[in-house]
Amino acid sequence: MISGIQIALKNAIDVIAPPATPLQDFTYHWKQLMNFYVNHLTDCKVPIQTTGIPRHLDKLLEILLEEEKNENEPGPCLEYLLQHKLLDLLATLASAETPPGMRTVCLSFLRKLLGRSKYPLLHHTSIYGPVQRLIALCNGNPPSPMEAEEVQFLLTLCFLVCKYPHVTNIINDAPVVQRHSNTSTGKNSERLEVEKVTYIPARRKNNVNPLFEPLDTQAVTLINPNLFHSDNDRRRSVGSNRSSSKADTTRGSSSQSNGSVSFREIENTSQSSSPATQNPIHDESLRITGQPSDSHEDVAMMNEIETHLQNLQDLRLDVEYGNTYEESNCADGDESLLRPKTPQKSKCLLLDALLSYINTADNTVRIKACEGIMVLASLEDPPFAQMIANSELMTLIPSRLETLFNAIPAHVDPTEIDGVDVTWGLDSPAWTKEKKFSGCRQVAAFFMWFDYCNQLIREAHPVVADGLAKSIRVNFLEKIVTPALAEHHVVLITALITKCLKELTSTSLCVEISYWLVGQDRGPEIPGVWTSSVLHRLIDNCFTDSDDLTLETLKLFEEMVEKRNEHILHCLVLVYLSTRGYYDNTAADSAITSWSDEEDEREREKKGALDLSYEQSHSRTLAPSNIHRIVNCFLSLIPRYLQTDTDVNNYERYMADLERQYSTVLTDCALMAWPLEAVSVDDSASSDSRPEADHCSVRFYMGPFITMLFDKVAGIPKQKYEVNLQLTVVISRLALLPHPYLHEFLLNPLLPLAPGTKNLFTCLQKVVKQLVNEVPKTPDHKQMLKETRERLLEDCSHDGEKENILFESVIVTEEFCKELAAIAYVKYHHSM
């Protein structure tokens, strides 16, 4: 009964006072928002939180989004927003920051509207004009309390551009939209169209709430009296204002000298302005409201409002919008200011705004700005990518990398560098908030930015990626890091480079770093003549008196090999071995024990038998028939009385791990154009091949890198255990590569070598000879060898036992020979 009465009562109320439509609600809240500026003509400095502006903007947004749910096409509220160009006025208020906090509120409103709307609004002329103006306001230099909302607004625009790539030109620093034709026909038709869709003077009042009437634009004209004036009328108005009052001229000129622009001047150049017949302010109010406005008090109030609002400062810079303000800002008779300015190169407004936040102290703001930069750099738009490649992005990114690199304290322990595990996002609080070691935060900050550079280049358009990678090489690696390799803190610098190379995943950046490390020239170097200063410096660092520097440099070389970059491997070793100049082609047939030559003979026999069904399915160089002889050569290199492992076949314990490593190596090297077999150059046409071969053997040069490795191998009995262990790791990584020439040079003890040439096995033979001569001189050397093995390999501590480099060298050499035997067998097994 009660519910029925309530329904009937509601129906009666609806008949007497119908509920407001969404459009009426929309115009009501907009009118209420504008009423603030009518009521606060002399006091616009009240905090925006104490006003109703945020609440009204939230209601406007709610109405617009609710309308989209119920409509399959843009509704009347959205059309009203666009046709009346309300966002342009909001952008003006945000520029003037009136009241304080208005910019933040406007940015939030526009961000939510554009981000939540299901329609692509950004391309609309009533949208992108205010958007460009607000982008120009977002600047992280200097920092401001509004930067969180500013960068969130910019990030939303980035995602919109990514979603709608056809609007990339909108976020560019393009000139102001060209105005419509100045013909009388065009002006009349536009004026009629504006009056038709906006404000009709003859509109009759009805009995509904006056707050729901069509928008009374008196508040609008108070902010911008010339909003609906044509270009020529505005110019005449400006000219009349100049001559009407010297005080006004003085005020305007002083305002301009301070870099400020009045609201009237801003709106005179706004791309959202619509040409219409010029009317004085009181005539405008008459046309809109339909009521005369001849009260002297009203006219005085209008003049006061206009004078007050004219002094409000707009934060836009004229240079951002070309020469559109020049005619209204220049003094009478100054023709030089009327000349068009020289156009600057095209830049991306949105990108420049985001770049201003990369050095902010707020980590969250910086990460959002970096995310936006990455979105823009990844757009598949060649002209836009070329624009980014010509922007300040190419210098600011390496500049910040340099700044963070120089901020790392010199006292940081190099051994701690490899344990730093960070990414450029917000998932590394342990390194940014906690103190793991002295200087860890500076180190973490550097690697977080390097990780961002790596990911940015990896995701960016190829044009952007290549340009940025090259800029990092030139402006950071060559300019900053290369000189640091010769300074006092070179151990720390080398550890940082090693970590960077280890974390590298971007192809373009890897290419540029490889150029920096080994040079761009792919030809072999002449002995004693260096073409790569960095490689020269690194190799020299391996021969210093500092074991720490030698160890860190060998770790860097390990990462260079592990990166399996074709250019690095080619310049380090392959360019020297691919001629097979180490091979003695003149050896007697009985002395030739190369498995490759044996298999070549079998191949010739099969071809002679016309066995056309035969097809080579494996590399005979990597899978020789005499594999057991090769394995035994390595295992028997250490004499029995010096061996500390009683199980001669204990090399098999290395095979499980090497199987996994070699599978990964094969995958990484699958696309490299390496030969399948090691083939000698045919010199049968030579009249005297023996001298020819001798001449070639003298000229054979294994390259500075392998020369350094073999020199370090020869010094194993005198080097610390950590250096020897790292040395064997580097050689093992090289031996795992499936290159036939490198394989037989490192892993074929039976290879006939050209006179004066040495390989890995002959170097190990010399090492063993030194150990055989020195170790037995120590009393009870067998027990000491056993204890040393337990200490090094079985983690058994012996109190008071001192390190003995000689005995440790025996253990390293013994285990290294086992590892080489295991590598040879694993490669044989995979190549069958």
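Every chain's residues receive numbers from 1 upward, in the order its sequence appears when written. Local features in a predicted model are, by the rule used here, given only for residues with pLDDT of at least 70; side-chain atom pairs are given and counted only at 80 or more, and totals for whole chains, interfaces and linings are based on all residues. Processing note: side-chain calculations cover all non-hydrogen atoms of the structure and skip hydrogens and water entirely.

Trainee: Whenever I open this one, the side chain of E68 confuses me. Can you help?
Mentor: Relative to the helices and strands, E68 resides in helix α3 (residues 53–70). Note on classification: 1.4 Å probe, protein chains only; a residue is buried when its accessible area is under 20% of the maximum for its type, exposed when over 50%, partly exposed between these limits. For this count, His and the chain ends are skipped, Lys and Arg are scored as positive, and Asp and Glu as negative. The salt bridge definition used is simple: a Lys or Arg side-chain nitrogen within 4 Å of an Asp or Glu carboxyl oxygen. Buried and unpaired, E68 has K118 as its nearest opposite-charge partner, separated by 5.8 Å. Helix and strand assignments come from DSSP, with helices taken as H or I runs of at least 4 residues and strands as E runs of at least 2, each series counted from the N terminus.

Trainee: Please explain the packing of aromatic side chains as it appears in this structure.
Mentor: Each aromatic ring pair is described using two quantities: the centre-to-centre distance and the angle formed by the ring planes. By convention, a stacked pair of Phe, Tyr or Trp rings (six-membered ring in the case of Trp) has centres within 6.5 Å and planes under 30 degrees apart, an edge-to-face pair has planes over 60 apart, and any other such pair is tilted. For the structure shown, the criterion picks out 16 aromatic pairs. Here Y825 and Y828 contribute two aromatic rings whose centre-to-centre distance is 6.0 Å and whose plane-to-plane angle is 40°, an arrangement assigned as tilted. Placement of both Y825 and Y828 in helix α38 (residues 805–831) is noted, with a separation of 3 residues, approximately one turn of the helix. Assessed through its relative accessible area of 25%, Y825 is described here as partly exposed. For Y828, a relative accessible area of 19% puts it in the buried group. Taken together, F405, F446, F447 and F476 form an aromatic cluster joined through their ring pairs.

Trainee: Is there a simple way to explain the pattern of salt bridges in this structure?
Mentor: Between side chains of opposite charge, pairing is possible as soon as their charged atoms come close. The tally for this structure, following the rule as stated, stands at 27 salt bridges. A salt bridge links E815 to R789; the nearest nitrogen and oxygen atoms lie 2.8 Å apart. Here E815, found in helix α38, pairs with R789, found in helix α37 (residues 781–793); they are 26 residues apart in sequence, far enough to count as distant. R789 matches E815 in its accessibility class, with the two residues each being buried. A single network of salt bridges, built from pairs that share partners, joins D645, R653, R789, E814, E815 and K818.

Trainee: In this structure, what is going on with the environment of F447? I would like to understand it.
Mentor: As for its placement among the helices and strands, F447 is situated in helix α22 (residues 440–459). Each C-alpha atom, one on F447 and one on D421, is 8.5 Å from the other, the two residues being 26 residues apart in sequence. Two residues qualify as a contact provided that any one of their heavy atoms is within 4.5 Å of a heavy atom in the partner residue. In this structure, F447 is in contact with I417, V420, V422, L496, K499 and C500, ignoring residues within four places of it in sequence.

Trainee: Explain the nonpolar core here, please?
Mentor: Soluble globular proteins tend to pack their nonpolar side chains together in the buried interior. Think of a nonpolar core as a cluster: buried Ala, Val, Leu, Ile, Met, Phe, Trp, Tyr and Cys residues, connected wherever their side-chain atoms sit within 4.5 Å. Ranked by internal contacts, the top residues of the largest apolar core, which has 219 residues, are L122, L350, L376 and L517. Every residue in contact with L376, bar those within four places of it in the chain, is listed here: C158, I171, L350, L351, L354, F384 and I388.

Trainee: Is there a simple way to think about the packing of helix α5 (residues 86–96) against helix α6 (residues 102–116) in this case?
Mentor: Between two packed helices, both the angle of their axes relative to each other and the distance between the axes serve to describe the pair. Two numbers describe how α5 lies on α6: the axes approach to 8 Å, and their chain directions differ by 145°. With respect to the hand of their crossing, α5 and α6 are arranged in left-handed fashion. Counting all contacts with α5, which are made through L87, L90, L93, A94 and S95, the residues of α6 involved are M102, R103, C106, F109, L110 and L113. Note that Gly is not counted as nonpolar here; it falls among the polar residues with everything else outside the nonpolar set of Ala, Val, Leu, Ile, Met, Phe, Trp, Tyr, Cys and Pro and the charged set of Asp, Glu, Lys and Arg. In terms of residue class, the contact of α5 with α6 is built from 9 nonpolar, 1 polar and 1 charged. Geometry is summarised by axes, namely lines fitted to C-alpha atoms with helices restricted to the contacting stretch, and by angles between N-to-C directions that run from 0 to 180 degrees. In a left-handed crossing the near helix is turned counterclockwise from the far helix by less than a right angle, and in a right-handed crossing that turn is clockwise.

Trainee: When you look at unusual backbone geometry in this model, what are you seeing that I'm missing?
Mentor: Of all residues except glycine, most have a negative phi; of all peptide bonds, most are trans. Each neighbour pair has its own omega, and for T98 with P99 the value is -5°, a cis peptide bond. Among the secondary structure elements, P99 is positioned in the loop between α5 and α6. Across the junction of N141 and P142, the peptide omega takes the value 0°, indicating a cis bond. Relative to the elements of secondary structure, P142 occurs in the loop between α7 (125–137) and α8 (147–163). Non-glycine residue E97 carries a positive phi angle of around 55°. Turning to its location among the elements, E97 is positioned in the loop between α5 and α6. With relative accessibility at 18%, the residue E97 sits in the buried group.

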